[in-house]
Structures are given as C-alpha cells and as structure tokens.
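# Residue-level structural notes
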Amino acid sequence: MNGSEFPAVGGEEQVELHAAEAEAQEAPSADHDVAMAYADLPAMRAALEAVEPLDMCGRTRVVKWLVEVLGVDVGPGKNATAVVAGSAAMSGVRSAAISSGEGEISPREFISQKKPDSLVERVACLAYYLTRHRSNAYFKTADIVDLNTEAAARRFGNPSRDVDNADRQSGYIVSAGNGNKQLTVRGEAVVAALPDRDAVKAALIEHPYKVRRTRESSGKKNVEREGGNGE
C-alpha cells in the first residue's frame, strides 16, 4: 500500500481539521458543565418557586415571555412548552446540589428575601421553608419556633396564637392531625409571591379563604343576639 491510495490532506481539509481540533480543546468538560449548573441554581430555584404554583398554561406563558424578553435562543423548532418540559433534564444535577447543601438558601436568607410584614406571613414563610427546603411537610408549632430562631428573626410573642392565626384567620396553614400543621395551597402561593405585594394580593384573590369562627367568638355573638332581642 502506497501513499497514493489515500487523498492528501491539505487546503480546506486542513483548515477544517484544525478547526475541529480547536473546538474539541475548547469544549467544556463534564465537570465544567456541573460547575456551571451549580452556579445557575439560585436563579433556577427562584424561577421554579415563582412558576411552580401555576398550571401548565400559566408556566408556558411565563416562560414564553421570559424567552422573548431576554432574547434566549431555545433552538430551532422548540417552543415555550418544550422549554418547560426540557427543564426536567436538569433535575438530577439540581437534586444532587440540594442534597449536598451547595446553593441551598439558609432560613435567614429566605426570610430576608421574602420580607414578610406580619406574623402570619412569617409563619407561612417558615412553613414553606420547612416543606420545600427541609422536606418536612408536617410540622408542629415548636418546629416553627425553632426555625424562626435559626433564621434570627424576631421572637414570637405568643407562638401558639400566631400559628393558630395563620391557620384559622389566614388559611396559610391547616391542621394535619396529632398536633401537626401543613402548608396550604393558599399559603404556598402567598409565600411564592412575596415580596411583591401586588402579586400577594393576586394570590389571595386567586385562593380565597373564609375565616373560620372559633367557638368562643361564636358564643359571644349568640349572647349578643339574645341580649339584643330581649331589650
């Protein structure tokens, strides 16, 4: 076999070969991809918390708007729905980062970002954090108090009353039996909307709640009615 049996590599072929080698050298490694994914986690988490309460139509509208405003190239033939569905490809890296503690927001940072302006909102934020960041869907008042201390937030004057108000008066949490509480859809939507007060108002309208009367308040009203009728 002699060299004449093979075409000579030169001219355009050499340029293409050098370009391919350069591209291979510049291609990011798997470790680099993982590092970049970790760096993106705070933004991904904030986006996820904002759109997760929405249905698929709402998520699609939000993602489509972001793609258009930011001028993101999602590739030929892809639409907003495909982007939403394709985001699941990052779930493995995201889960690994959260389980390793990298990129995880602390209770103090979370409360600082959400800026609750009432005790019941703070209870809801703490309940949200327990549910989403501690995988603790069922919690007691003591858990709320402990997390509040960890967040370096102002102490509750009467934790039992404040937690009960977040339940009965606001509908942000609800009883789950055996002294446990859990976050409601309404509470989740409100926390996701914070600190945007207009978004909070919209969340409250979208998830209405009828205040539950306590036996004591109901009894007082009955006494007032009886007294009024006797006069």
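Everything numeric in this text was worked out from a predicted model, so none of it was measured.

Here is what the cut-offs are and how they apply
Residues numbered from 1 in each chain as written. Predicted model: local features only at pLDDT ≥ 70, side-chain atom pairs only at ≥ 80, totals over all residues. Heavy atoms only, no water. 1 Å grid on protein atoms, 1.4 Å probe; cavity = no way out; pocket = protein on both sides within 12 Å on 5 of 7 lines; lining within 4 Å. Points joined across faces, edges and corners; volume = space filled by probe spheres on them. Helix = DSSP H or I, 4+ residues; strand = E, 2+ residues; numbered from the N terminus. Nonpolar A, V, L, I, M, F, W, Y, C, P; charged D, E, K, R; others polar. Contact = heavy atoms within 4.5 Å. Polar contact = N/O pair within 3.5 Å; in protein donor to acceptor, adjacent residues only side chain to side chain. Patch = residues over 30% accessible without salt bridge, like charges linked within 9 Å, V, L, I, M, F, W, Y side chains within 5 Å. Areas by Shrake-Rupley, 256 points an atom, 1.4 Å probe, with all protein chains shown as cover. Salt bridge = Lys/Arg side-chain N within 4 Å of Asp/Glu carboxyl O. Buried < 20%, exposed > 50% of the residue type's maximum accessible area, 1.4 Å probe, protein only. Arc of directions from axis to C-beta. Pairing = 2+ DSSP bridges. Phe/Tyr/Trp six-rings, centres within 6.5 Å; stacked < 30°, edge-to-face > 60°.

## Focus: the layout of surface pockets
- A volume near 410 Å³ is recorded for the second largest pocket.
- Along the walls of the second largest pocket sit 17 residues, with Ala50, Leu54, Ala192, Ala193 and Ala199 positioned nearest its centre.
- Counting only elements with at least two residues in the lining of the second largest pocket, the list comes to helix H2 (30-51), helix H3 (56-70), helix H10 (185-193) and helix H11 (197-206).
- The greatest single-element share of the lining of the second largest pocket, amounting to four residues, is contributed by H11.
- Classifying every residue of the lining of the second largest pocket gives 14 nonpolar, one polar and two charged.

## Structural notes on the environment of serine 175
- Relative to the assigned elements, serine 175 resides in strand E1 (residues 173-177).
- Between the alpha carbons of serine 175 and tyrosine 138 there is a distance of 9.2 Å; along the sequence they are 37 residues apart.
- Non-local contacts of serine 175, meaning those with residues more than four positions away in its chain, are made with Asp167, Asn180 and Lys181.
- In terms of polar contacts, serine 175 uses its side chain to reach the side chain of aspartate 167, at 3.4 Å.
- At 3.2 Å, the side chain of serine 175 and the side chain of lysine 181 are in polar contact.

## What to know about a nonpolar patch on the surface
- Judged by side-chain polarity, Trp65, Leu66, Val69, Leu70 and Val72 come together as a nonpolar surface patch covering roughly 510 Å² of accessible area.
- Structurally, the position occupied by tryptophan 65 is in helix H3.
- A relative accessible area of 53% means that tryptophan 65 is categorised as exposed.

## Considerations on unusual backbone geometry
- A cis geometry characterises the amide bond from leucine 194 onward to proline 195, with omega recorded as 5°.
- Following the sequence through the fold, proline 195 ends up in the loop between H10 and H11.
- A positive phi is found at lysine 115, a non-glycine position, where the angle reads about 50°.
- Structurally, the position occupied by lysine 115 is in the loop between helix H6 (107-114) and helix H7 (119-133).
- In this structure lysine 115 comes out as exposed when scored by relative accessible area, which is 54%.

## A look at H6
- For H6, every residue scored as buried is listed here: Pro107, Phe110, Ile111 and Lys114. Each buried residue of H6 lies within a common arc of 95° when the element is viewed along its axis, so the set occupies one face.
- Just beyond H6, the residue with positive phi is lysine 115, at close to 50°.

## Remarks on the pairing of strand E2 (residues 180-183)
- Pairing analysis gives four bridges linking E1 to E2, with the strands arranged antiparallel. Bridged to valine 174 within E2 is glutamine 182.
- The hairpin turn running from E1 into E2, its antiparallel successor, is two residues long, and asparagine 178 in that turn takes a positive phi close to 55°.

## Thoughts on the pattern of salt bridges
- One pass over the structure, following the stated rule, counts seven salt bridges.
- As a salt-bridge pair, lysine 181 and aspartate 167 come within 2.7 Å of each other at their nearest N and O atoms. Residue lysine 181 is located in strand E2, and its partner aspartate 167 is located in helix H9 (residues 159-169); the two are separated by 14 residues in the primary sequence.
- For lysine 181, a relative accessible area of 13% corresponds to the buried category.

## Quick word on the packing of aromatic side chains
- This model, assessed by the stated rule, comprises two aromatic pairs.
- Between phenylalanine 110 and tyrosine 128, the aromatic rings sit 5.7 Å apart at their centres with planes inclined by 10°, giving stacked as the arrangement. Of the two residues, phenylalanine 110 is situated in helix H6 and tyrosine 128 in helix H7; the sequence distance between them amounts to 18 residues. Taken as a pair, phenylalanine 110 and tyrosine 128 share a single burial class, namely buried.
- By way of ring pairs, the aromatic residues Phe110, Tyr128 and Tyr129 are connected into one cluster.

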